[in-house]
Every structure is written in structure tokens, then in C-alpha cells.
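Here is what each chain is made of, one letter per residue.
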Amino acid sequence: MARFHIQDVKSLENTPTSPAQLRTKIGEMILNSTIARAKVEAVNTETGEYRVVLQGTLDREEGKFEEK
């Protein structure tokens, strides 16, 4: 499993990102978190558009975030 670092969070906004790539990045982030939760902010049943907010705390290695 790839290690997800605090510096990788901004990479989630990079476009274009395929759903598969985004799923992998978000999955790595969640699996490397000590706490994770999701909040559904909006769902449009007519258009299929949705907005989900993820919130969590990334796991720390050796007491500090790794630098790249």
C-alpha cells in the first residue's frame, strides 16, 4: 500500500483525474488515517450531482509527518 502524506492532500484537486485514480488516492488517504468520516452536503437526484466532504486525521510516522 502506498503511504499517503499530508503534502499529498492538495494533489486530490489535480484535474483531470479519472474516477479510478481518485478512488485510489482517496482510499490511500483513508487507510493512512487514524480517524476518518464523511458528510454528505448535497445530492441532486435530477442531475446525479453530489458533494461529499471527507474529514480526518492522517497517521503520523515516528511522531512527525514525513517530508518529501
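Here the structure is a predicted model, which means the values were calculated and not measured.

A. Inspection of the environment of Ile 35 at higher detail. Mapped onto the elements of the fold, Ile 35 is located in strand β1 (residues 33–43). Spatially, the C-alpha atoms of Ile 35 and Gly 56 are 5.0 Å apart, while their sequence positions differ by 21 residues. With near-sequence residues (within four places) excluded, Ile 35 lies in contact with Gln 55, Gly 56 and Thr 57.

B. The environment of Val 40, seen in detail. Examined against the element boundaries, Val 40 turns out to sit in strand β1. C-alpha separation for the pair Val 40 and Val 53, spaced 13 residues apart in sequence, amounts to 6.4 Å. Discounting chain neighbours no more than four positions away, the residues touching Val 40 are Arg 51 and Val 52.

Cut-off values and rules
- Residues numbered from 1 in each chain as written.
- Predicted model: local features only at pLDDT ≥ 70, side-chain atom pairs only at ≥ 80, totals over all residues.
- Heavy atoms only, no water.
- Helix = DSSP H or I, 4+ residues; strand = E, 2+ residues; numbered from the N terminus.
- Contact = heavy atoms within 4.5 Å.

That's the geometry; what it means functionally is another story.
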